[in-house]
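If you want the building blocks of each chain, they are given just below.
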Amino acid sequence: MRTTVGIIGAGPAGLLLARLLHNAGIDSVVLETRDRAYVEQRQRAGILEQGTVDVLREAGAAARMDREGIPHDGIELRFDRRRHRVDFPARTGGRSVMVYAQTEVCKDLIALQLAAGGPLLFEAEALAVEGAGTEQPRVRFRHQGREDVLECDYVVGCDGSWGVARKAVPADVSRVFERTYPFGWLGILADVPPSHDELVYARHDRGFALLSMRSPTVTRAYLQVPADTDAADWGDEEIWDELDRRLETDDAWTLKRGPITAKSVTPMRSQVHEPMRHGRVFLAGDAAHIVPPTGAKGLNLAVGDVVTFARALVELRDTGSDARLEVYSATCLRRVWQAERFSYAMTTMLHRAPGATPFDDRIQLAQLDRITTARSAEADLAESYTGFPLD
Ligand code: RFL
Ligand code: PHB
């Protein structure tokens, strides 16, 4: 099999890249190790930055998002039983975010890709990427029990944090920067309308809590838990009781409870692999970097990477200049490190680390107090949350 761009992975990065290339008249093949149902059900992100929303619209992939997505103009910070709303448009000159689940973004992109007849192979596992330093890199893969080879002009590894593409960057050029946090998130989905019309990020002495949503009838919520927690150890009423405690306020706000339909624990880590390119093999999304979910940045960074790659490849085709492709890694890493910085800052400001001292608690409260009283601090949060420009 032969194509211009071989894409490994049908998460948001791989699927959107295939769409952007299709729109630009560049052919690609997507290889995905899982089946379609699995990819469409995997519960993950919920917040699309302004830039991601704009890109999906330009790509012609936003029809359902514009009908069913819920635009949000702010978030609420909760601490010390107090509530503070951060108004995004007011602090950023008009930017906001959209609540539209990653599962739905993937479903929409898969439908478009299949309708366009674009090759998207499910249950096709990439085994290795070869020839990164040559003009014709190859992906060896297994599909329907048979091994095959995809010959490409470029390979883009969109295969997430456990993928194989990363191995194409030789160990003596690759650097990994990482931090593992001593806690995780217990996430739930519940059949009950959201208890607040915007997301609530709560800092509490018992640990962090986040109240989010998937639709007007479905609540998504998270609790900070020890990293080795088994989700099955938490009973449904115990989860609601704990959310209640961590989200408590001095006013009449109440948490709505309902049947919990899914429960899982996510570890928290920050990780960056540099560089994000070797020869004609490029890394995009979680294949190159992981952020803790507190800043809602993972999916948005994946979108940023593939937009940068697609624009650079179109420029090469249209002008013969590979200048943008040459700086792919540096361009993406600048944005990636801004997202790492913000996600780290949000995580450390809102979570209670094991062994945290009263001094640490006071510093967290002072940071939150600063955001509620200094416009510049609030604007910095709003700008970072709604997203950095794409290039
Ligand atoms: P994905 O989505 O992991 O997709 C990678 C795909 O590659 C496939 N694959 C392979 N295919 C073929 N051959 C191989 N050898 C392969 N190895 C792997 C996998 O099956 C998969 O389909 O990576 P991608 O596309 O880079 O997208 C990244 C995002 O999924 C991720 O960053 C976000 O979900 C992170 N994230 C959030 N991001 C946000 O922007 N906003 C949020 O609100 C947000 N919340 C979250 C999150 C992630 C979470 N978890 C579970 C990690 C909340 C949570 C709880
Ligand atoms: C979610 O709705 O899944 C979500 C929202 C915001 C975050 C992380 C996850 O920061």
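Since the structure is predicted, the reported quantities are computational estimates derived from the model, not experimental observations. (Residues numbered from 1 in each chain as written. Chains lettered and ligands numbered in written order. Predicted model: local features only at pLDDT ≥ 70, side-chain atom pairs only at ≥ 80, totals over all residues. Heavy atoms only, no water.)

K.L.:
Outline the site of ligand 1, listing residues and values.
P.N.:
The immediate surroundings of ligand 1 are formed by 34 residues, with E32, R42, Q102, D286 and L299 found nearest. Between R44 and ligand 1, the recorded distance is 2.9 Å, taken from a side-chain N or O atom to an oxygen atom. G46 has a polar backbone atom sitting 3.2 Å from an oxygen atom of ligand 1. Bound to the protein, ligand 1 loses 89% of the 1,000 Å² it would expose on its own. At the level of elements, α1 (12-23), β9 (124-130) and α8 (298-319) are the ones that each hand at least two residues to the shell around ligand 1. At four residues, the largest contribution of residues to the shell around ligand 1 is made by α8. Classifying every residue of the shell around ligand 1 gives 15 nonpolar, 11 polar and eight charged. (Near = heavy atom within 4 Å. Polar contact = N/O pair within 3.5 Å; in protein donor to acceptor, adjacent residues only side chain to side chain. Areas by Shrake-Rupley, 256 points an atom, 1.4 Å probe, with all protein chains shown as cover. Helix = DSSP H or I, 4+ residues; strand = E, 2+ residues; numbered from the N terminus. Nonpolar A, V, L, I, M, F, W, Y, C, P; charged D, E, K, R; others polar.)

K.L.:
Which residues make up the site of ligand 2, and what are the values?
P.N.:
For ligand 2, the set of nearby residues contains 14 residues, the closest of which are Y201, S212, R214, Y222 and P293. With respect to ligand 2, the side chain of Y201 contributes an N or O atom lying 2.8 Å from an oxygen atom. With respect to ligand 2, the backbone of T294 contributes an N or O atom lying 3.5 Å from an oxygen atom. Coverage of ligand 2 by the protein amounts to 97% of the 280 Å² it exposes when considered alone. If you list the elements that add at least two residues to the shell around ligand 2, you get β13 (199-203), β14 (209-215) and β15 (218-226). Of the residues forming the shell around ligand 2, the biggest block, three residues, is contributed by β14. When the residues that make up the shell around ligand 2 are grouped by side-chain class, the tally is eight nonpolar, three polar and three charged. Both domains that furnish three or more residues to the shell around ligand 2 are identified here as domain 1 (5-72 + 100-178 + 269-346) and domain 2 (182-268 + 355-386). (Domains from an automatic or database assignment.)

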